[in-house]
Amino acid sequence: MVFKDKRYTYKEVDEISDRIAGSIAAKGLGIEDVVSVLIPRCEWMPIASLGVLKAGCAYQPLDPSYPKERLNFMMQDANAKLLIADEELCPIVDEYKGDVLLSKDIMNLPSLTEEANSSLFTLHSSLKPSALFILLYTSGSTGVPKGCQLTHGNLVCFCHWYQRYYDLKPEHKVAAYASYGFDACMMDMYPALTCGATLYIVPEELRLDLVALNDYFENEHITNSFMTTQVAYQFATNIGNNYPSQKVGMKGIIKVSDKFFTDDEISRLSVVAPKVILNIIRDYEVVEKKTVETPEVIKGIVKCNNPKCITNNEPMATHFHVADGILTCHYCEKEQDINKVELV
């Protein structure tokens, strides 16, 4: 994992996140307890998240750009048991009175004892796919922020699909572009970290500076990156690059909704930026529907016969989570016997 001039091996990330997990477990926290994380864009985005997850807890990523009233509400609504934070950001959540682990103290946490390591191993073997992984909240810009729970099973299914669809390999270099509190951040981080790829945290000052961002991609030989719709469109159509030094072409991913672009505009985008844009994905679902962004291309694994999933008298192709022989539709959330769904 790379952030600016800081580079961490998988072994180092594992050891540091183990220390965080041990510290959390020592506080008596465990499965499905929520730990809020309030940090700027930095190396702690993946490392602190992994530490929380290794302790069996779920993490709640907080965006420091949100108004303090929203952040305080989110923590209270989540019943957060611990806050991992940058010291300078703590005043933003002044209504929280619980335990705090400052990011500046993480490297000074003790290594795991043999007993603590054994306890965490026992805890990991008791985790189920239905255990809470992350608690996300909408920004609240149109009202009260709404919470969304995602499980370990949700993320495992998504990572497997993403790695297959984008042919993600250990030699790839993946840019983490999305905001930490945005659901796409999980798409940036976890498929890469679970296949041995290198994760590059894009510095905040580069995210909207398209020329500097392009230089960053070229200098670091980035192979995969997500961008938000409007930024990606501007990047693809206005920034000239051919990535001459790369053996693997840049695999840009644009999440496109019909309300933004017409078919003609999408066709034009594919023509003007063929080396940047490999996949244009339409109609992704929002966080309120309790799913990581689910692009249309992964739908069609099975067809759900629930009336809610039938359009024009035909079962709608959707995506299922499989656990203990039961298929759960991600759209209608109905559990069905595998023998009663239409396989395609």
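We now turn to the structure provided with this report. Keep in mind the model is a prediction, meaning the values are calculated, not measured.

Within strand S7 (residues 132-137), 6 of the 6 residues are buried, which leaves the element mostly enclosed by the surrounding structure. By the bridge criterion, 5 bridges tie S7 to strand S8 (residues 147-151) in an arrangement that is antiparallel. Following the sheet pairing, Leu132 is matched in S8 by Thr151.

The next point concerns the pattern of salt bridges. A complete count under the given rule lists 10 salt bridges for this structure. Among the ionic pairs, Asp33 bridges to Lys81, the shortest N-O distance being 3.3 Å. One end of the pair, Asp33, is in the loop between helix H1 (10-26) and strand S3 (34-38); the other, Lys81, is in the loop between helix H3 (68-78) and strand S5 (82-85), and 48 residues separate them in sequence. Taking the shortest distance from any N to any O, the salt bridge between Asp94 and Lys68 comes out at 2.9 Å.

For the rest of this paragraph, the subject is helix H5 (residues 152-165). Over its 14 residues, H5 runs 20 Å from end to end, which matches the ideal 20 Å to within 8%, given 1.5 Å per residue. Of all 14 residues making up H5, 10 are buried, and the element is well covered by its neighbours. All buried positions along H5 are accounted for by His152, Gly153, Asn154, Leu155, Cys157, Phe158, Cys159, Trp161, Tyr162 and Gln163. Note on H5: the residue one or two positions beyond its end, Asp167, has a positive phi of about 50°.

A word on the nonpolar core. Counting 57 residues, the largest nonpolar core has Ile24, Tyr59, Ile84, Met186 and Tyr190 as its most contacted members. When residues of this core are assigned to their parent elements, the largest contribution, 8 residues, is made by helix H6 (residues 184-193). Contact partners of Tyr190, with chain neighbours within four places excluded, come to Ser49, Leu50, Leu53, Tyr59, Phe133, Leu155, Cys159 and Gln163. Within the second largest apolar cluster, 19 residues are counted, among which are Ala58, Ala78, Ala80 and Tyr96.

Scoring rules and cut-offs
- Residues numbered from 1 in each chain as written.
- Predicted model: local features only at pLDDT ≥ 70, side-chain atom pairs only at ≥ 80, totals over all residues.
- Heavy atoms only, no water.
- Buried < 20%, exposed > 50% of the residue type's maximum accessible area, 1.4 Å probe, protein only.
- Helix = DSSP H or I, 4+ residues; strand = E, 2+ residues; numbered from the N terminus.
- Pairing = 2+ DSSP bridges.
- Salt bridge = Lys/Arg side-chain N within 4 Å of Asp/Glu carboxyl O.
- Expected span 1.5 Å × (residues − 1).
- Core = buried A, V, L, I, M, F, W, Y, C linked by side-chain atoms within 4.5 Å.
- Contact = heavy atoms within 4.5 Å.

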